[in-house]
Amino acid sequence: MAIVLDPELALPSATRTRRAPRTPSPSRAAAATPAEIPLRALGKTGEYVSAIGLGGYHLGLVGTEREAIRIVHEAIDAGVTFMDNAWEYHEGKSEEHMGMAVVGRRDLVFLMTKVCTHGRDAKVAMRQLEQSLRRLKVEYLDLWQVHELAYANDPERHFAAGGVIEALDRARAQGKVRFVGFTGHKDPAIHLRMLSFDYPFDTCQIPLNCCDATFRSFERHVLPELQRRGIAPIGMKSLGGEADMVKKKAVSPQDALRYAMSLPVATTVSGIDSLRVLRQNLAVARGFLPMTSAEMESLRTRCASLAADGRFELYKTTAKHEGPIGRREHGFPPLDEQET
């Protein structure tokens, strides 16, 4: 059973129009035991989520729906409550797999997916919301986030009259979405521009890892601003997106994940495409022991020279990780058609 971490951060719950997932009362706080995954406050929402989350993109890479369901079930049984997804992941397959997996377990998870307008209007966003709800087999989302801010003009497009931000408001008013946020991995400046509109976002998802700390850093520039505004930070790409930092032995997977989870985030979304990876991550998350400040600084310093040219964070320096829908909406050709 999961336990609550930092219960003194609890705030009154937001007004709810739908049934919320069950989470322990802050009064039940205790030190994590080796069998428990801590829960952390989700910003000012009054909700608590597991310190590690299950990433939806990698769920779509799993060979069969049966295997994907087994991964989600084992994660939930272990105390993982935060479920990540996006409308465009694998043309809806990721949401469909997760939807099958949460049938009968809806009240045990905090379910998030992302809206993928990439600058299109609120009508497109609302159509995507209805598709996501059908695929996920639910009546409402706990969290709906604007997906993948990757282009410098994305904030202006999202906040334009009739844009996706209006869809966030509409979805909340209709009771189909409880909380809202945005995501992206390209440039801290784009996130800061999005925040400058002073919209009451509940969450923000950003890449956080031991290489990010010294290269175009979201940890240095965006994370403090989220804390100042009371917006819940959600970490992602703890291994750098494609785990090259682990494959090339710059850092162990355990140290990389532990570093990311030691930052002041509500949860760290981790890509899990097998039971082996799930169990490896659960071993870090159960009874989680944060790194000390000295340990974190030592790891940053050790990785700094390799991080300096962006080799382990290609999503910041190249178009490799930018989704095809976003590229199309911004007038760029698919990556496989791009001239070299």
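About the criteria used
Residues numbered from 1 in each chain as written. Predicted model: local features only at pLDDT ≥ 70, side-chain atom pairs only at ≥ 80, totals over all residues. Heavy atoms only, no water. Helix = DSSP H or I, 4+ residues; strand = E, 2+ residues; numbered from the N terminus. Contact = heavy atoms within 4.5 Å. Areas by Shrake-Rupley, 256 points an atom, 1.4 Å probe, with all protein chains shown as cover. Core = buried A, V, L, I, M, F, W, Y, C linked by side-chain atoms within 4.5 Å. Buried < 20%, exposed > 50% of the residue type's maximum accessible area, 1.4 Å probe, protein only. Pairing = 2+ DSSP bridges. Right-handed = clockwise from strand over helix to strand, strands pointing away. Axes fitted to C-alpha atoms, helices over the stretch in contact; angles between N-to-C directions. Parallel < 35°, antiparallel > 145°, perpendicular 65-115°, else oblique. Left-handed = near helix turned anticlockwise from the far one by under 90°. Nonpolar A, V, L, I, M, F, W, Y, C, P; charged D, E, K, R; others polar. Polar contact = N/O pair within 3.5 Å; in protein donor to acceptor, adjacent residues only side chain to side chain. pLDDT = per-residue confidence, 0-100.

This next bit is on the overall build of the protein. Within the protein, the regular secondary structure consists of 15 helices and 11 strands. Of the contacts formed within the protein by residues at least 6 apart in sequence, a portion of 78% connects residues at least 24 apart. Within the structure as shown, the protein displays about 14200 Å² of accessible surface, and the carbon and sulfur contribution to it stands at 52%.

A separate point is the nonpolar core. In terms of nonpolar packing, the biggest core is built from 81 residues, with Leu54, Met83, Leu141 and Trp144 touching the most fellow members. Counting residues per element, this core draws most heavily on helix 2 (residues 65-78), at seven residues. Leu42, Val49, Ala232 and Val269 belong to the second-largest nonpolar core, a separate cluster that totals 11 residues.

Where burial is concerned, most of strand 7 (residues 141-146) is hidden: six out of the six residues are buried. In this structure, strand 6 (residues 110-115) lies alongside strand 7, joined through four bridges in parallel fashion. By the bridge assignment for strand 7, Val115 is matched with Val146. Once you follow strand 6 into helix 4 (residues 122-136) and on to strand 7, the crossover reads as right-handed. Sheet topology note: the strand 7/strand 8 (residues 177-183) ladder contains five bridges and is parallel. When the sheet's bridge partners are listed, Leu143 is paired in strand 8 with Phe179.

So, about the packing of helix 11 (residues 253-262) against helix 13 (residues 293-307). Remark: helix 11 packs on helix 13, axes separated minimally by 11 Å, with the N-to-C direction vectors making an angle of 125 degrees. Between helix 11 and helix 13, the crossing angle belongs to the class labelled oblique. Note that helix 11 runs across helix 13; the crossing there is left-handed. Contacts from Asp255, Arg258, Tyr259 and Ser262 in helix 11 reach Glu295, Met296, Leu299, Arg300 and Arg302 in helix 13.

We now examine the packing of helix 2 against helix 12 (residues 275-285). Where helix 2 meets helix 12, the closest approach of the two axes is 10 Å, and the angle between their N-to-C directions is 15 degrees. In terms of axis orientation, helix 2 runs roughly parallel to helix 12. Helix 12 is crossed by helix 2, and the crossing has right-handed handedness. Along the contact surface, helix 2 presents Arg70, Ile71, Glu74, Ala75 and Ala78, while helix 12 presents Leu275, Leu278, Arg279 and Leu282. Taken together, the residues of the contact of helix 2 with helix 12 break down into six nonpolar, no polar and three charged.

Here helix 12 has its buried residues at Leu275, Val277, Leu278, Asn281, Leu282, Val284 and Ala285. Positive backbone phi, approximately 55 degrees, marks Gly287, located one or two places after helix 12.

Secondary-structure assignment places Thr267 in strand 11 (residues 267-270). A polar atom in the side chain of Thr267 sits 2.7 Å from the backbone oxygen of Ser50. Among residues more than four places away in sequence, those in contact with Thr267 are Val49, Ser50, Ala51, Ile52, Gly53, Phe82, Pro233, Ile234 and Gly235.

On to the sheet that holds strand 4 (residues 52-54), then. If you trace the eight strands once around the closed barrel, you get 4-5-6-7-8-9-10-11, paired in parallel fashion. Across two bridges, the pairing between strand 4 and strand 5 (residues 82-83) is parallel. The partner of Leu54 across the bridge, within strand 5, is Met83.

Checked against the element boundaries, Ile71 lands in helix 2. What makes Ile71 buried here is its relative accessible area of 2%. Along the sequence, Ile71 and Met98 sit 27 residues apart, while their C-alpha atoms lie 9.8 Å from each other. In this structure Ile71 touches Leu54, Val62, Ile272, Asp273, Ser274, Leu275 and Leu278, once residues within four positions along its chain are discounted.

On to the confidence of the model for the protein, then. In this model, the protein carries an average pLDDT of 89, and 87% of its residues clear a pLDDT of 70 or more. Per-residue pLDDT stays below 50 along residues 1-19; that stretch engages in 50 contacts with residues further than four places along the chain or on separate chains. Low pLDDT, under 50, characterises residues 24-31; the stretch is placed with 13 contacts to residues that sit more than four places away or in other chains.

Take unusual backbone geometry next. If a residue is not glycine, its phi is most likely negative; likewise, a peptide bond is most likely trans. Even without being a glycine, Glu148 presents a positive backbone phi close to 55 degrees. Inspection of the secondary structure puts Glu148 in the loop between strand 7 and helix 5 (154-159). Glu148 gets classed as buried once you look at its relative accessible area, which sits at 7%. At Lys249, a position not held by glycine, the phi torsion is positive, near 65 degrees. Along the polypeptide, Lys249 turns up in the loop between helix 10 (244-247) and helix 11.

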